[in-house]
Number of protein chains: 2
Amino acid sequence: MIQINEHYQKLKASYLFVDIAKSVRAHQEAHPEQEVIKLGIGDVTRPLPASALEALHTAIDEMASPRTFRGYGPEQGYDFLREAIAREDYQSRGVNISAADVFVSDGSKCDTGNIQELFSPEQRVAVPDPVYPVYVDTNVMAGRTGPFQGDRYQGLTYLSGTQENGFVPPPPEEAVDLIYLCFPNNPTGATATREQLAAYVDYARKHRALILFDAAYVSFIRDPDLPHSIFEIPGAETCAVEFRSFSKTAGFTGLRCAFTVIPPTVQAWTSTGSAVALRDLWSRRQTTKFNGASYPIQRAAEAVYTARGREEVRELTDYYLENARIIRQGLAQAGFRSFGGENAPYVWVEARRPSWDLFHLLLERAGVVTTPGAGFGAAGEGFIRISGFNEREQVERAMERIQAALA
Amino acid sequence: MIQINEHYQKLKASYLFVDIAKSVRAHQEAHPEQEVIKLGIGDVTRPLPASALEALHTAIDEMASPRTFRGYGPEQGYDFLREAIAREDYQSRGVNISAADVFVSDGSKCDTGNIQELFSPEQRVAVPDPVYPVYVDTNVMAGRTGPFQGDRYQGLTYLSGTQENGFVPPPPEEAVDLIYLCFPNNPTGATATREQLAAYVDYARKHRALILFDAAYVSFIRDPDLPHSIFEIPGAETCAVEFRSFSKTAGFTGLRCAFTVIPPTVQAWTSTGSAVALRDLWSRRQTTKFNGASYPIQRAAEAVYTARGREEVRELTDYYLENARIIRQGLAQAGFRSFGGENAPYVWVEARRPSWDLFHLLLERAGVVTTPGAGFGAAGEGFIRISGFNEREQVERAMERIQAALA
């Protein structure tokens, strides 16, 4: 008899975006004259960089001739891209990462979701709260949690980001095996200093734990003192994996390209204590269950590392950061304290009421859609996330409306 | 302590293509004057259809303007593609599949590898032999097998394709829960009749088992009596999942696009006997761990379903089928019996000696690379696979060399 993986049954149905859509629809029916402005979604809106567009057209022309046609590529990604990543994202900042440590994929959602397959189902897992739900749900599916009770899964260690800790929680008190971190953070927009990350590296080395570091928003960092990579912290090369993506960097959410970095010095162990190189294990997973990212898309990603591509990425991320600045300023003028949005595209707003209440208030009075913080976890209650990913005039109009409505 | 999924340790290292590459390198060093012809690889060589190329360029132009830019798409795929698939691949042949049953992905390797996550680790699994290794390895990783002993994994049921059963093994004697099938078959090129598939559907309904039907090579079927889809068999809509790909159909191995079809009537059960719709479970898996296939690639796949696209696909697959015919004929003239290659791109050749011996003979005497059947499983011993995926003149030259060498 076909019997299911019953851990799926523990998954709390995610009603967040369904509930948001329902509220928006009801509002639009009641106010058909008003255009609703959506600042809830973490998705880019600006066109692709010209360098990426050109690289795409060129790669597609290659696919038109038998002499230059490309079929299956290496599952780990083409060397031209792995080398550009290692050189430009790491070696240029003095970080010792080589092309062989880089695994190109079609998205960080896949990579952060798939990596947990490499580990024993008994591993103890720590996740941030508020959190990108993929870290949690994929471990629920694998049986590393108990049931959902109250507002959290049993058996997970939650690292709460609060106003008191600047939304950068310290390492857990208890021993865990896998620790998910995301900086610059989604949803709070918080960033971590070298010292804060070093505390995690120390913890991981002490407990022989692994840090799963999601750096999807690294290209929004402007503060020169902030680390860009977990591998800038000495010792991390033995206890961390890093995930990066072209989605928010270069507007690739519709194209799909990302990568995972695992130095050869990161070890994991069998139950009898034999050491295994994690990079080899991930390579085995990827070569068995993945067939490489699309060739033209990898060429587009490569183009992002040229001098011109880097300049275009800078302009693109500057644009969204300016949106975030306008949001922070607009919210301040409307009397709200907010966080993040300086080295990150997200602004985390103190709601001073339940987060769904502020969501409804902004929707009904200003026709602006945001995301209730409670949707990202228990510690997100009392906040909303406003996204800088939008067209400038939409952001400006939204802030004018909010100020007028709440004045 | 970071503890690994120890089932990975059971995986037999796959030396097949490494060993082939090593032999080829040694041959090339010994015979630097001779160009080696590679008929071992199952990868396309012909350019993309013009309709797909045009659709790609158009979709990329859309990404250049904020008015037409596309970010994240639906994880299940865009409706334009899901509807084209349901209409052209299924409804046009009288099969009741709707767009909601179609899940677009970046590859059948991913889909056939990921689907097993939905099931209990205790499920009993049957796989064909010879076999596409992904079905086996992903179940080993999930702990559904014992160790590799002799030439097979303990705890798996192997369905041996032999000359006696025309490489279409009958359903197993014992009860299993998951059954992988692939027709037209890789590596044997065998096809299954309606009656043969009906026997599997009967078996699956009787045992409440699930058929995982890989139809990656469906576009090579020319015999009008052969079923194209498992869903042409009455009853399959309650006990089968179908995987299809644009890789071999339209030359998308470098672009990456495929899809999985699950009718809403396919059920699975919890340990306490509650029924769950498998389509919902897969949807949950895909929305949690996948972010949709690349937008321009989905547009290219859509273009393949236009009248012009269908004609181009027909020409493309005709080209490879003619290669397969030339291979069959060439092998016959050299005194070999061969199978497949009529509604499939692969020719399965009786080696009349251990399969590695014929591999070495053809490499050394004719400079032609093939794939030893033993690399696909114990039942592949005594055969080699020759692939029709190549340029015509390469295939013709390879056959001339084989005939001259073995005359």
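- Under the annotation held in an unreviewed UniProt entry, chain A carries the name LL-diaminopimelate aminotransferase and is attributed to Alkalispirochaeta sphaeroplastigenens.
- As recorded by UniProt, the Function (unreviewed entry) comment attached to chain A reads in full: "Involved in the synthesis of meso-diaminopimelate (m-DAP or DL-DAP), required for both lysine and peptidoglycan biosynthesis. Catalyzes the direct conversion of tetrahydrodipicolinate to LL-diaminopimelate."
- The UniProt entry for chain A carries this comment under Subunit (unreviewed entry): "Homodimer."

**Overview of the UniProt feature "binding site: pyridoxal 5'-phosphate" (unreviewed entry) in chain A**
Move 1: In the numbering used here, UniProt assigns the "binding site: pyridoxal 5'-phosphate" (unreviewed entry) feature to A:Tyr72, A:Ser108, A:Lys109, A:Tyr132, A:Asn186, A:Tyr217, A:Ser245, A:Phe246, A:Ser247, A:Arg256 and A:Asn291. For the residues just named, distributed over 220 residues, the greatest C-alpha separation reaches 34.0 Å, placing them at more than one site.
Move 2: Among the secondary structure elements, A:Ser108 is positioned in helix α4 (residues 108–114).
Move 3: For A:Ser108, a relative accessible area of 10% corresponds to the buried category.
Move 4: Sequence-distant contacts of A:Ser108, defined by excluding residues within four places in its chain, comprise A:Gly113, A:Phe243, A:Arg244, A:Ser245 and A:Ala258.
Move 5: On the secondary structure map, A:Arg256 appears in the loop between α7 (247–250) and β10 (258–261).
Move 6: In contact with A:Arg256, not counting residues within four places along its chain, are A:Ser105, A:Asp106, A:Gly107, A:Ser247, A:Ile297, B:Tyr72, B:Asn291, B:Gly292, B:Ala293 and B:Ser294.

**Some words on the relation of the copies chain A and chain B**
Move 1: Expressed as a screw operation, the relation of chain A to chain B combines 0.0 Å of axial shift with a rotation of 180 degrees, fitting to an RMSD of 0.0 Å. Those values place the two copies in the arrangement expected of a two-fold rotation axis. Identified as the residue of chain A closest to the rotation axis by C-alpha distance is A:His57, at 3.2 Å.

**Considerations on the UniProt feature "domain: Aminotransferase class I/classII large" (unreviewed entry) in chain A**
Move 1: The UniProt feature table records "domain: Aminotransferase class I/classII large" (unreviewed entry) at residues 35–402 of chain A.
Move 2: Across residues 35–402 of chain A one finds 35% helix and 17% strand; the C-alpha atoms that close the span lie 14 Å apart.

**Quick notes on the interface of chain A and chain B**
Move 1: On the side of chain B, 83 residues touch chain A, which itself brings 83 residues to the contact.
Move 2: With both chains or domains summed, chain A and chain B bury close to 6900 Å², and 58% of this area falls on carbon and sulfur atoms.
Move 3: Three residues stand out in chain A for area buried against chain B, namely A:Met1, A:Ile2 and A:Lys289, and they jointly supply 13% of the buried area on that side.
Move 4: Put simply, chain A and chain B have four salt bridges between them.
Move 5: Its salt-bridge partner being A:Glu75, residue B:Lys109 comes within 2.9 Å of it at the nearest N-O pair.
Move 6: Our count for the chain A to chain B interface comes out at 45 residue pairs in polar contact (both at pLDDT 80 or more).
Move 7: Counting residues per element, the ones that place at least two in the side of chain A that touches chain B are α2 (50–62), α4, α5 (133–141), α7, β11 (267–269), α8 (278–289) and α9 (295–303) of chain A.

**Regarding the domain arrangement of chain A**
All names here are of chain A.
Move 1: Considered domain by domain, chain A is made up of domain 1 (12–41 + 309–406) and domain 2 (52–305).
Move 2: Of the residues lining the interface, 29 residues belong to domain 1; the matching set on domain 2 comes to 33 residues.
Move 3: Between domain 1 and domain 2, the buried area comes to about 2500 Å², and carbon and sulfur atoms account for 59% of it.
Move 4: If you look at where domain 1 meets domain 2, you find two salt bridges.
Move 5: In this structure, glutamate 88 engages arginine 310 in a salt bridge whose closest nitrogen and oxygen atoms are separated by 2.7 Å.
Move 6: For the interface between domain 1 and domain 2, the tally reads 13 residue pairs in polar contact (both at pLDDT 80 or more).

**Considerations on the sheet that holds strand β13 (residues 338–340) of chain B**
Residue and element names in this part refer to chain B.
Move 1: In spatial order, the strands read β13-β14-β17-β16; together these four strands make up an open sheet with antiparallel pairing. Edge positions in the open sheet fall to β13 and β16 (371–372), since each of these has one partner strand only.
Move 2: Pairing geometry for β13 and strand β14 (residues 346–350), over three bridges, is antiparallel. Within β14, the position partnered with serine 338 by the bridge is valine 349.
Move 3: Against the sheet, helix α10 (residues 307–333) makes contact with β13, β14 and β17 (383–387), and its axis sits at roughly 15 degrees relative to β14, the strand it touches most.

**A word on the pattern of salt bridges**
Move 1: Inspection of the entire model under this criterion finds 48 salt bridges over all chains.
Move 2: Across the pair A:Glu322 and A:Arg325 runs a salt bridge whose closest N-O atoms are separated by 2.8 Å. Here the residue A:Glu322 and the residue A:Arg325 both occupy positions in helix α10 (residues 307–333), the gap between them amounting to three residues, near one helical turn.
Move 3: The residue B:Glu54 makes a salt bridge to B:Arg308 at a minimum N-O spacing of 3.1 Å.

**What about the sheet that holds strand β9 (residues 240–245) of chain A?**
The strands that make up a sheet are held in pairs by hydrogen bonds between backbone atoms, and each pair lies either parallel or antiparallel.
Residues and elements named next belong to chain A.
Move 1: Taken in spatial order, the seven strands of this open sheet run β2-β10-β9-β8-β7-β3-β6, and their pairing is mixed. Both edges of this open sheet fall to β2 (102–105) and β6 (157–160), since each of them pairs with a single strand only. Taking each pair of neighbouring strands and ignoring which way they run, the sheet shows an average axis angle of 20 degrees.
Move 2: Pairing of strand β8 (residues 210–214) with β9 involves four bridges; the strand directions are parallel. Each residue of the ladder has a partner; that of leucine 212, found in β9, is valine 241.
Move 3: Across the sheet, helix α6 (residues 194–207) is in contact with β6, β7 (178–182) and β8; its angle to β8 comes to roughly 150 degrees.
Move 4: The sheet strands contacting α8 are β2, β8, β9 and β10, and the helix crosses β2 at an angle near 25 degrees.

**Describing empty space enclosed by the protein**
Move 1: Following the criterion strictly, the structure yields seven cavities of 30 Å³ or more and no others.
Move 2: Within this model, the largest cavity holds a volume of roughly 140 Å³.
Move 3: The wall of the largest cavity is formed by 18 residues, among which A:Cys110, A:Asn114, B:Asp106, B:Cys110 and B:Asn114 lie closest to the centre.
Move 4: Grouping the amino acids of the lining of the largest cavity by side-chain chemistry returns four nonpolar, six polar and eight charged.

**Quick word on unusual backbone geometry**
Move 1: The peptide bond linking A:Asp129 to A:Pro130 adopts the cis configuration, its omega dihedral lying at 0 degrees.
Move 2: For A:Pro130, the location among the structural elements is in the loop between β3 (125–129) and α5.
Move 3: Located in the positive-phi region is B:Phe167, a residue other than glycine, with phi close to 65 degrees.
Move 4: Tracing the backbone through its elements, the reader meets B:Phe167 in the loop between β6 (157–160) and β7 (178–182).
Move 5: Positioned with a positive phi, B:Arg208 is a non-glycine residue whose angle comes to about 50 degrees.
Move 6: By secondary structure assignment, the location of B:Arg208 is in the loop between α6 (194–207) and β8 (210–214).

**Brief notes about the pairing of β9(A)**
All names here are of chain A.
Move 1: Within β9, six of the six residues are buried, which leaves it mostly tucked inside the rest of the structure.
Move 2: The pairing of β9 with β10 spans four bridges and is classified as antiparallel. Note on β10: the bridge partner recorded for serine 245 is alanine 258.

**A few points about the pairing of β7(B)**
One face of the sheet, then the other: side chains in a regular strand alternate in exactly this way.
Residue and element names in this part refer to chain B.
Move 1: Taken across its five residues, β7 has five buried, putting it largely inside the fold.
Move 2: Because side chains alternate across β7, one face comprises the buried residues Leu178, Tyr180 and Cys182, and the other comprises Ile179 and Leu181, equally buried.
Move 3: Across two bridges, the pairing between strand β3 (residues 125–129) and β7 is parallel. The partner of valine 125 across the bridge, within β7, is leucine 178.
Move 4: When β7 meets β8, the two strands line up parallel, connected through five bridges. Looking across to β8, one finds that tyrosine 180 is bridged to leucine 212.
Move 5: The parallel pair β7 and β8, bridged by α6, forms a crossover whose chirality is right-handed.

Calculation criteria
Residues numbered from 1 in each chain as written. Chains lettered and ligands numbered in written order. Predicted model: local features only at pLDDT ≥ 70, side-chain atom pairs only at ≥ 80, totals over all residues. Heavy atoms only, no water. UniProt positions renumbered as here; feature names shortened; annotations may be inferred. Helix = DSSP H or I, 4+ residues; strand = E, 2+ residues; numbered from the N terminus. Buried < 20%, exposed > 50% of the residue type's maximum accessible area, 1.4 Å probe, protein only. Contact = heavy atoms within 4.5 Å. Least-squares fit on C-alpha atoms with pLDDT ≥ 70 in both. Buried area = accessible area lost by both parts, 1.4 Å probe. Salt bridge = Lys/Arg side-chain N within 4 Å of Asp/Glu carboxyl O. Polar contact = N/O pair within 3.5 Å; in protein donor to acceptor, adjacent residues only side chain to side chain. Domains from an automatic or database assignment. Pairing = 2+ DSSP bridges. Axes fitted to C-alpha atoms, helices over the stretch in contact; angles between N-to-C directions. 1 Å grid on protein atoms, 1.4 Å probe; cavity = no way out; pocket = protein on both sides within 12 Å on 5 of 7 lines; lining within 4 Å. Points joined across faces, edges and corners; volume = space filled by probe spheres on them. Nonpolar A, V, L, I, M, F, W, Y, C, P; charged D, E, K, R; others polar. Right-handed = clockwise from strand over helix to strand, strands pointing away.

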